[in-house]
Amino acid sequence: MRRFYNYCNLEKSKNMWRQVLVIVASSCLCKNTAQQPAICNDVNVPNFVRYHLTSWQHAVAGVDMIVENSEAGIVSLDLTGNEHVTIVVHGRESGIYTEFGNTLKHSIITADKQMIVILVDWSSLSFAPYEDAVSYVPCVSNEIRSFIENMMAASKLNPNRLHLIGFDLGAHIVGIASRNSVARAVKITALDPAGDGWGADSQRLNATDAQLVEVIHTNGNGAFGSTAYGIGEPIGTLDFFPNGGDRQPGCRTLDNECHHKRAWQLFAGTVDAGGHLIAMKCLDMSQVSNDRCTMIPPAVMGTLALVKFNTGLHRVNTGSIYPY
Ligand SMILES: *[C@@H]1O[C@H](CO)[C@@H](O)[C@H](O)[C@H]1NC(C)=O
């Protein structure tokens, strides 16, 4: 299933991808790589990961910048280390100059005008065939882990003020990056984490990757056996299943892409509206699916709040159009 969010980005991505192919081809002379997922060593991953830094002030002044993941690049950042920082990571076949990137960036810097937002661009790898993109997840995670650790080493980042947000494969990327970092992030928001290739025995995002691991599942199981994009079971400390977590109102039943991306649309809605989607707690997935969740305390889904005392499964029923 190929999906293209942004054609300009795709053009750029195609060029970068050609470079990847040249590198892969030149390093694997005897192997038939067509059938096999690529591995980290086949590409120089740091060359394909970019960090786009912005904030309300940066955006107003028109001085958003690309930060180099190097001592010089990070030491030169005009940060005190006390700022709240949100790192946003996109998923498969996507980038940051997309509806996803633009929406999240706008919502976050508008809601918190002091927030530093770093959008991670791994588009030239994410447009690879899905299995290859999956195989790049550990290397992209490792690259982001080094960026986070370099920021901490330069006293430009306090992990207790670090919020990681990932959509689709990006959810596993931020989970693994936080898990392997010298200090875990205080919060992860995982937006419909990718399910294909991410079974229970994988390195997928899990509840110990941050103090608060909030997961919003919107396409956990596909309709009528069709292939879903997400994961239909709880994997965080606080899991939300809007409208049951499989299919979303306003999307055609079989349009899993629509159900999937509703995760970040809902999240952006909660940031814009300041926490209007209140979910009741559920005992198990059967209550989630049958809309039988009545337990308290209710939980506020989404938002930029770094601390929540709720745990477990939750369901909220939403509308079909923004802010849902
Ligand atoms: C989370 O994942 C890590 C690495 O795969 C593993 O060591 C750890 O036990 C997992 N924790 C949970 C709660 O599953």
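Preceding this paragraph is the structure being described.
Residues numbered from 1 in each chain as written. Predicted model: local features only at pLDDT ≥ 70, side-chain atom pairs only at ≥ 80, totals over all residues. Heavy atoms only, no water.

1. Focus on the state of the cysteines
Filter applied, for reference: The definition used for a disulfide is geometric: two cysteine sulfur atoms within 2.5 Å. Helix and strand assignments follow DSSP, with helices taken as H or I runs no shorter than four residues and strands as E runs no shorter than two, numbered in order from the N terminus.
Here the structure, examined in full by the defined rule, presents 2 disulfides. What pairs with Cys-282 in a disulfide is Cys-293, and their sulfur atoms sit 2.2 Å apart. What sets the handedness of the Cys-282 and Cys-293 disulfide is the S-S torsion sign, and at about 100° it is right-handed. Taken together, the positions of Cys-282 in strand S9 (residues 278-282) and Cys-293 in the loop between helix H9 (285-289) and strand S10 (295-300) put the pair 11 residues apart, joining distant regions of the chain.

2. Section: the site of the ligand
As a reminder, the rule being used: A single heavy atom is enough: if one lies within 4 Å of a molecule or strand, its residue is considered near that molecule or strand. The definition of a polar contact used here is a pair of N or O atoms within 3.5 Å, where within protein one atom must be able to donate a hydrogen and the other to accept one, and adjacent residues in sequence count solely through side-chain atom pairs. Each accessible area is a Shrake-Rupley estimate made with a 1.4 Å probe; only the visible protein chains count as cover when residues are assessed. In the scheme used here, Gly and all other residues not listed as nonpolar or charged are polar, with Ala, Val, Leu, Ile, Met, Phe, Trp, Tyr, Cys and Pro taken as nonpolar and Asp, Glu, Lys and Arg as charged.
Close to the ligand lie Arg-179, Gln-203, Asn-206 and Thr-208, which account for all nearby residues. Within the side chain of Asn-206, an N or O atom sits 2.3 Å from an oxygen atom of the ligand. Within the side chain of Thr-208, one N or O atom sits 3.3 Å away from a nitrogen atom of the ligand. Protein contacts shield 43% of the accessible area of the ligand, which totals 360 Å² for the unbound molecule. Per-class residue counts for the shell around the ligand are no nonpolar, 3 polar and 1 charged.

3. Considerations on helix H7 (residues 169-180)
Let me state the cut-off plainly: For a helix, the expected span equals 1.5 Å multiplied by the number of residues minus one. For every residue, the accessible area (1.4 Å probe, protein chains only) is compared with the maximum for its type, and the residue is labelled buried under 20%, exposed over 50%, or partly exposed between those bounds. Note on contacts: a residue pair is in contact if any heavy atoms of the two residues lie within 4.5 Å.
Counted at 1.5 Å a residue, the expected span for H7 with its 12 residues is 16 Å, and the 17 Å between its end C-alpha atoms agrees. Along H7, the residues classified as buried are Leu-169, Gly-170, Ala-171, His-172, Ile-173, Val-174, Gly-175, Ile-176, Ala-177, Ser-178 and Arg-179. For H7, the secondary structure elements touched by its buried residues are strand S3 (85-89), helix H6 (130-153), strand S5 (162-167) and strand S6 (187-191).

4. Things to note about the packing of aromatic side chains
Rule in force here: For Phe, Tyr and Trp, rings pair up if their centres lie within 6.5 Å, where Trp contributes its six-membered ring, and each pair is then called stacked (planes under 30 degrees apart), edge-to-face (over 60) or tilted (otherwise). Distance and angle both matter: a charge sits over a ring if NZ of Lys or CZ of Arg is within 6 Å of the ring centre and within 35 degrees of the ring normal.
Tallying each qualifying case throughout the model produces 4 aromatic pairs. With a centroid separation of 5.8 Å and 80° between ring planes, the pair formed by Phe-100 and Trp-264 is classed as edge-to-face. Of the two residues, Phe-100 is situated in helix H4 (residues 99-111) and Trp-264 in helix H8 (residues 256-273); the sequence distance between them amounts to 164 residues. Site record: aromatic cluster; members linked through ring pairs are Phe-100, Phe-167 and Trp-264. Against the face of Trp-56 rests Lys-113, its NZ or CZ located 4.5 Å from the ring centre.

5. Quick word on the side chain of Asp-209
Following the sequence through the fold, Asp-209 ends up in the loop between S6 and strand S7 (212-216). Judged by its relative accessible area of 0%, Asp-209 falls in the buried class. Within polar-contact distance, the side chain of Asp-209 engages the side chain of Arg-179 at 2.8 Å. In terms of polar contacts, Asp-209 uses its side chain to reach the backbone amide nitrogen of Asn-206, at 2.7 Å. Once residues lying within four places of it in the same chain are set aside, the contact partners of Asp-209 are Gly-175, Ser-178, Arg-179, Arg-184, Ile-188 and Arg-204.

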